[in-house]
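Letter by letter, the chains look like this.
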Amino acid sequence: MLSVVRVHLPSEIPIVGCEITPYVLLRLPSGIVSTDDVPEAAPADGYFMRYRWYRIQSDRKVAICSVHPMEQATIQCLGCVKSKIPVAKSYHCSAKCFSDAWQHHRVLHERASSALNENGAEEEELFGRFSSTGSGILSTTGSGSMSNLAQSPGLNNGPVPLYPSGTDKNSGETWYEVGRTRTYTPTADDIGHVLRFECVAVDAEKKVPVGPPTSIMTSRVIPAPTPTPRRLIQVNGDVLSHLDLDSQTSFGTFSVLSYNILADAYATSDTYSYCPTWALSWTYRRQNLMREIIGYHADIICLQEVQLNHFEDFFAPELDKHGYQALYKKRTTEVYTGAPHAIDGCATFFRRDKFSHVKKYEVEFNKAAQSLTDAIIPAAQRRVALSRLIKDNVALIAVLEAKFGNHGTDNPGKRQLLCVANTHVNVHQDLKDVKLWEVQTLLKGLEKIAVSADIPMLVCGDFNSVPGSSPHGLLAMGKVDQMHPDLAIDPLGILRPASKLTHQLPLVSAYSSFARMVGVGYDLEHQRRRMDPATNEPLFTNCTRDFTGTVDYIFYTADSLSVESLLELLDEESLRKDTALPSPEWSSDHMALLAEFRCKPRIRR
């Protein structure tokens, strides 16, 4: 007979919009123990599994703490309500919770005030509309409006009628059936309520359960924590009211996003012990990442650390729905996991209505390493050399043709091409020679493309190189100082002579434009504080408990492109409220970078 051996939940807390698939261990009629489902359409020896989800709803509404989502809120910041900040962010579980969070929380008030001053009534669009009113700063509360707490409409689980399945008169609790599949996706209506999952074996002929159901209860459902919106700031200091590139982007401009999204294979509790396990789960992170990425409305998206299975099953189909065409290059071997589906790589997406695909180049640094060792390393030493050089990194280069044309240039009829390189130079910090060699190899390949076509170029990615390092110097300055300390590490002689470490591409870091901004204002001052005046780069793009620094960049050819706007930088103080990245609010340990460019008129030579 079919029976249930064990049931448990993959996460301790359910989140709106993030599907829950309980782990159900079954003993089949044959005696075999399996996690495979036994649906009604394919019974096993006359038995199948039936699943039910229930929402346990009490008469008393419950508001959830915005900082500690497993705790009930007892305090509400009425300053948030007056400022029309999302009401879910106004709740706290204690006075200490509110006090500890104040340094970050007050930023919400400042942002709301700034939006009100600059945009008048438009702050309603930025922060959302809410019906609550009040005065003062703090209010103790025992209840909250569930409709106000809702952050996401969630997903439906089929045509299941919602009706009370039972009521406990003593507790005032009512059970509503909300799902009839093994997987359930909590909706906004579930916020603040406990869910109950039941499974039972059913006789296929009689259609009656065999024995009592096995059940398990979840914690209270919480709304998905939503990242504070990041605004697009023009390099002359003007601030756009909100990210809406569909309406804000003028003719002939385009935007590029670069983002290391943190592959699921690396998002472990051992590495990021400060992040709640539910916020590290892929079912949560993928939804949060997708909301963030789509919200930027970028014309070109360059993602790093995208697992092959996640590209095929999630990112490519989801972004296709939003009008993006996808290109992908996985790393060349299973360095970390040995599982082919878990290999990560670089994914580039572009809007089909703005660009068409012309050509794709794939750079495999392993192949370049093999060619290099064959050329300059004695045969007896090649094995040792390859073990140092082979890191399985790749670069994906896409040549695109703009559909917005080349109006306003000296040659209106000429095709407007664009070359976009996307890479992840994942090399240990001790192997500075290998890291510099990979960057040099990529740049030499791009130079060949530049020679064959007069074409603007973008070089995006995670280079694992801080400002002032030799790879950053090569990218930004076109050469490496021959006295640079990084050059002292070159056991294979692959960097000699140092004079060869050059390129002719006029590359400039997009975010260095913030250093050239003029004027005064709330937003300009905040961006300047988030830049390093010594390097003209952001203070950080990667923020973990053990490392904070800049390793991600968007470089562009300054003779053919100009920076129009940049996505504002985050401040470290606000991220430290959750210790570091990743966090429930931000689902990667890196920060997304976005720049809006304009093609410059080409000068006849």
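Everything numeric in this text was worked out from a predicted model, so none of it was measured.

1. Section: the confidence of the model for the protein
Detailed reading of the predicted coordinates is not advisable wherever pLDDT falls low. Residue-level pLDDT values for the protein average 85, and 83% of them are 70 or greater. Confidence drops under pLDDT 50 across residues 119-137; counting only partners more than four residues distant or on other chains, this segment forms 40 contacts. Within the model, pLDDT remains below 50 along residues 141-157, and this stretch shows 56 contacts once partners closer than five positions in the same chain are excluded.

2. Overview of the nonpolar core
One finds F254, I300, F315, L458 and F597 to be the most contacted residues of the largest nonpolar core, which totals 69 residues. It is helix α8 (residues 308-321) that contributes the most residues to this core, six residues altogether. One finds L386, V399, L436 and L487 within the second-largest nonpolar core, a separate group that totals 42 residues.

3. Some details on the pattern of salt bridges
With the rule as written, the count across this model stands at 25 salt bridges. The shortest N-O distance in the salt bridge between D299 and K354 comes to 3.5 Å. Residue D299 is located in the loop between α7 (282-295) and β15 (300-307), and its partner K354 is located in the loop between β17 (344-351) and β18 (355-364); the two are separated by 55 residues in the primary sequence. Classification of D299 as buried rests on a relative accessible area of 4%. What you see here is one network of salt bridges that share partners, running through K329, K360, E362, E364 and K367.

4. Here we look at the sheet that holds strand β2 (residues 23-27)
Spatially, the three strands line up as an open sheet ordered β1-β2-β3, and their pairing is antiparallel. Bordering the open sheet on either side are β1 (3-8) and β3 (33-34), each of which pairs with just one other strand.

5. Overview of α8
Under the 1.5 Å per step criterion, the end-to-end length of α8 is 19 Å for 14 residues, consistent within 8% with the ideal 20 Å. Where α8 bends most, at F315, the angle is about 35°, and the proline P317 comes one to four residues later. All of the buried residues along α8 are L308, N309, H310, F311, F314, F315, A316 and L319. Buried residues along α8 sit against α7, β15, β16 (324-330) and β17. G323, located one to two residues past α8, shows a positive phi value of around 90°.

6. Side note on the sheet that holds strand β29 (residues 593-599)
If you trace the seven strands from one edge of the open sheet to the other, you get β13-β28-β29-β14-β15-β17-β16, paired in mixed fashion. A strand with exactly one partner marks an edge of an open sheet, and here the two such strands are β13 (232-234) and β16. Averaged over all pairs of adjacent strands, the angle between their axes in this sheet comes to 25°, without regard to strand direction. Across seven bridges, the pairing between β16 and β17 is antiparallel.

Cut-offs applied
Residues numbered from 1 in each chain as written. Predicted model: local features only at pLDDT ≥ 70, side-chain atom pairs only at ≥ 80, totals over all residues. Heavy atoms only, no water. pLDDT = per-residue confidence, 0-100. Contact = heavy atoms within 4.5 Å. Core = buried A, V, L, I, M, F, W, Y, C linked by side-chain atoms within 4.5 Å. Buried < 20%, exposed > 50% of the residue type's maximum accessible area, 1.4 Å probe, protein only. Helix = DSSP H or I, 4+ residues; strand = E, 2+ residues; numbered from the N terminus. Salt bridge = Lys/Arg side-chain N within 4 Å of Asp/Glu carboxyl O. Pairing = 2+ DSSP bridges. Expected span 1.5 Å × (residues − 1). Bend = angle between axes of the 7 residues up to and from the residue. Axes fitted to C-alpha atoms, helices over the stretch in contact; angles between N-to-C directions.

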